[in-house]
Amino acid sequence: MKVAVVGTGYVGLVSGACLADLGHEVICIDTDAEKIAKLEAGIMPIFEQGLEEVVKRNAKAGRIRFTTDFSLGVPGAEVVSVAVGTPSADDGSVDMKYVDAAAAEIGKNLSAYAVIANKSTVPVGTAERVTNIIRQHTEQEFDVVSNPEFLREGTAVFDFSKPTRIIIGTDSERAREVMRKLYAHISCQKIETDAVSAELTKYACNTFLATKISFINEVAHLSEAVGADVEAVAAGMGSDPRIGKEFLKAGPGWGGGCFPKDVRAFLKLGEAHGHAMPLTNAAMAMNKLARSRIVDRLERELGSLTGKKIGVLGVAFKGNTDDTRESPALDIINECLRRGAVVAVYDPQARFGDGAVAQVDSLFEAARDAEALVIATEWEEFRTLDLDKMKQTMAGDLIMDARNLLDADAAERSGFTYLRVGRKEKRKGI
Ligand SMILES: NC(=O)c1ccc[n+]([C@@H]2O[C@H](COP(=O)([O-])OP(=O)(O)OC[C@H]3O[C@@H](n4cnc5c(N)ncnc54)[C@H](O)[C@@H]3O)[C@@H](O)[C@H]2O)c1
């Protein structure tokens, strides 16, 4: 099938590459000329495991192309998949400017019946909104389908190719047939529903998962108070299939390009319909607390943070991605700075442009002469760090492991006071 993918970010590029891998003829369209130039030159604009290989294989086979020009991609496409950003507006609602602009361009360039599949996470009512915008620009027949995406950064290629389910939201049987053909070679549960239910499903999923993390963080904080081990509690909880093992990892809270903005949008939806949404509000409050608590604990150990050097390992919002959007690490760094600390950061992939913070090229450089080390992202290389060498590098002996990555006994043997989330502390000399 001929497929156009509009928006070539984490979702669009992975979708485009994987759809090409299924044998479709894909053209990826993005307004960011620099990104398209990179892709044409075979350079990946994002870090995502396995992505480069899939893109290159399909580019070589002529199944994937990149352009900034809608008129090269939309005419003749049976499916136009929309994967543009849907960031939060200042008031927490969804800023729809990219979706609206994409819809207008699609409308101007339709040459025959096509299915417009919304992969972006969009508010309830967007299928109708996009339909209205496209209709202003074309006489052609088309259908707009809600087709929310559930891939996770870090495992995006795998998730797209082997999804847990595909949701197709439309009342049009003609559009459903096209979407069935698009995903015919992906075997998983296919849930066909109306557009509004599909749109709400995506927000309900992300808000539920965020709430689950907030819940385990609440359990973690209580574990510290009563002397329980949150990992044992989580194992006991997760073995109940009604609860499930996933998303029961205590830490500095949820972040990234999706959960925070999607939870805010879910709240806004409730507000718009006169619902108080107390559970979602509590999940958000808990998420703020999980972050600030990391810095509170540092301050409790070090006294004032003023003038103290803190080494932060990790700035990405989770391991195996270079995405720093709404990363807990950023809040931790900013709060340390606000309280007067000097911060140096190391991340294997992620870059961030804050001039107040030295971003260095090795974890030992970040830790050099630091009073404390904060592990803020679960990168594998942090798990195996040489603790004796780290101890010699640092001025102090405090590790605040916000991801519960290290072996506590090993940290203690190397002479550290080792704090983690919801688990027993190891104190030097005690
Ligand atoms: N990142 C994830 O893990 C993930 C997972 C599931 C769903 N989503 C949702 O998918 C959507 C995209 O997320 P992302 O992380 O890929 O975003 P992103 O910011 O990485 O990519 C969006 C891309 O869209 C391009 N764009 C903006 N306006 C455009 C236009 N009018 N025409 C063509 N291109 C345009 C941007 O230049 C950018 O390259 C969001 O709604 C997000 O909530 C993201």
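Definitions and cut-offs
- Residues numbered from 1 in each chain as written.
- Predicted model: local features only at pLDDT ≥ 70, side-chain atom pairs only at ≥ 80, totals over all residues.
- Heavy atoms only, no water.
- Helix = DSSP H or I, 4+ residues; strand = E, 2+ residues; numbered from the N terminus.
- Rg over C-alpha atoms; globule rule 2.2 N^0.38 Å.
- Buried < 20%, exposed > 50% of the residue type's maximum accessible area, 1.4 Å probe, protein only.
- Areas by Shrake-Rupley, 256 points an atom, 1.4 Å probe, with all protein chains shown as cover.
- Lys, Arg positive; Asp, Glu negative; His and termini not counted.
- Charge placed at Lys NZ, Arg CZ, Asp CG, Glu CD.
- Domains from an automatic or database assignment.
- Buried area = accessible area lost by both parts, 1.4 Å probe.
- Salt bridge = Lys/Arg side-chain N within 4 Å of Asp/Glu carboxyl O.
- Polar contact = N/O pair within 3.5 Å; in protein donor to acceptor, adjacent residues only side chain to side chain.
- Core = buried A, V, L, I, M, F, W, Y, C linked by side-chain atoms within 4.5 Å.
- Pairing = 2+ DSSP bridges.
- Contact = heavy atoms within 4.5 Å.
- Axes fitted to C-alpha atoms, helices over the stretch in contact; angles between N-to-C directions.
- Phe/Tyr/Trp six-rings, centres within 6.5 Å; stacked < 30°, edge-to-face > 60°.
- Lys NZ or Arg CZ within 6 Å of the ring centre and 35° of its normal.

The next thing to look at is the overall build of the protein chain. Across its full length, the protein chain carries 17 helices and 14 strands. Its C-alpha atoms give the protein chain a radius of gyration of 23 Å, near enough to 22 Å, the size a compact globule of 430 residues would have. Taken along the three principal axes of its C-alpha coordinates, the protein chain extends 75 × 50 × 40 Å. Counting the 430 residues in the protein chain, one finds 55% classified as buried. As displayed, the protein chain has an accessible area near 18,600 Å², and 51% of this comes from carbon and sulfur atoms. In the protein chain, the 53 positive side-chain charges and the 62 negative ones have mean positions that sit 3 Å from each other.

Here the protein chain is described as being made up of domain 1 (2–193) and domain 2 (227–430). Distance between the C-alpha centres of domain 1 and domain 2: 34 Å. In total, about 1,300 Å² of surface goes out of reach between domain 1 and domain 2, with carbon and sulfur atoms giving 49% of it. Across the contact surface, domain 1 and domain 2 share one salt bridge. Linking Arg325 and Glu153 is a salt bridge whose minimum nitrogen-to-oxygen distance equals 3.4 Å. On inspection of domain 1 and its partner domain 2, the count reaches eight residue pairs in polar contact (both at pLDDT 80 or more).

The next thing to look at is the pattern of salt bridges. For the structure shown, the criterion picks out 36 salt bridges. Glu78 is the partner of Lys181 in a salt bridge, and the nearest nitrogen-oxygen pair spans 3.0 Å. One end of the pair, Lys181, is in helix α8 (residues 173–182); the other, Glu78, is in the loop between α4 (70–73) and β4 (79–82), and 103 residues separate them in sequence. Given a relative accessible area of 45%, Lys181 falls into the partly exposed group. Glu378 is the salt-bridge partner of Arg403, the closest N and O atoms lying 3.3 Å from each other. Highlighted residues: Arg403 in the loop between β13 (398–401) and α17 (408–413) and Glu378 in the loop between β12 (372–375) and α15 (380–383), separated in sequence by 25 residues. The class for Glu378 is partly exposed, based on a relative accessible area of 31%.

If you check the backbone angles, Asn320 has positive phi at about 65 degrees while not being a glycine. Assignment of secondary structure puts Asn320 in the loop between β9 (309–313) and α13 (328–338).

With 58 residues, the main nonpolar core has Leu298, Ile310, Leu313, Cys336, Val374 and Met390 as its most contacted residues. Counting 38 residues, the second largest nonpolar core, distinct from the first, contains Val55, Val115, Phe160 and Ile166.

In space, the six strands of this open sheet follow the order β11-β10-β9-β12-β13-β14, with parallel pairing throughout. Each edge of the sheet is formed by a strand with only one pairing partner; in this case those strands are β11 (358–359) and β14 (417–420). Here β13 pairs with β14 via four bridges, running parallel. From the neighbouring strand, Met400 faces β14, where its bridge partner is Leu419. Contacting β9, β10 (342–346) and β12, α13 crosses the sheet at an angle of about 160 degrees to β10.

Another point: the side chain of Glu335. By the secondary structure assignment, Glu335 is in helix α13. A distance of 2.7 Å separates the side chain of Glu335 from the side chain of Arg339, its partner in a polar contact.

A word on the environment of Phe259. Within the element layout of this structure, Phe259 appears in helix α11 (residues 259–272). Residue Phe259 is classed as buried on the basis of its relative accessible area, which comes to 12%.

Before going further, it helps to examine the environment of Val115. For Val115, the position within the fold is in strand β5 (residues 114–118). Residues Val115 and Ala175, 60 residues apart in the sequence, show an inter-C-alpha distance of 6.0 Å. Discounting chain neighbours no more than four positions away, the residues touching Val115 are Glu78, Val79, Val80, Asp143, Val145, Ala175, Val178 and Met179.

Turning our attention to the packing of aromatic side chains. A full pass over the atoms with the stated rule returns two aromatic pairs. For the pair Phe247 and Phe259, a centre-to-centre distance of 6.1 Å together with 40 degrees between the ring planes defines the contact as tilted. You can see Phe247 sitting in the loop between α10 (230–238) and α11 and its partner Phe259 sitting in helix α11, a full twelve residues away along the chain. Between Tyr346 and Phe382 the ring centres are 6.2 Å apart and the planes differ by 65 degrees, which places this aromatic pair in the edge-to-face class. Of the two residues, Tyr346 is situated in strand β10 and Phe382 in helix α15; the sequence distance between them amounts to 36 residues. An identical accessibility class is assigned to Tyr346 and Phe382; each is buried. The ring of Phe150 is capped by Arg165, whose NZ or CZ atom sits 3.7 Å from the centre of that ring. Above the face of the Tyr113 ring, Arg174 is positioned so that its terminal group lies 3.5 Å from the ring centre.

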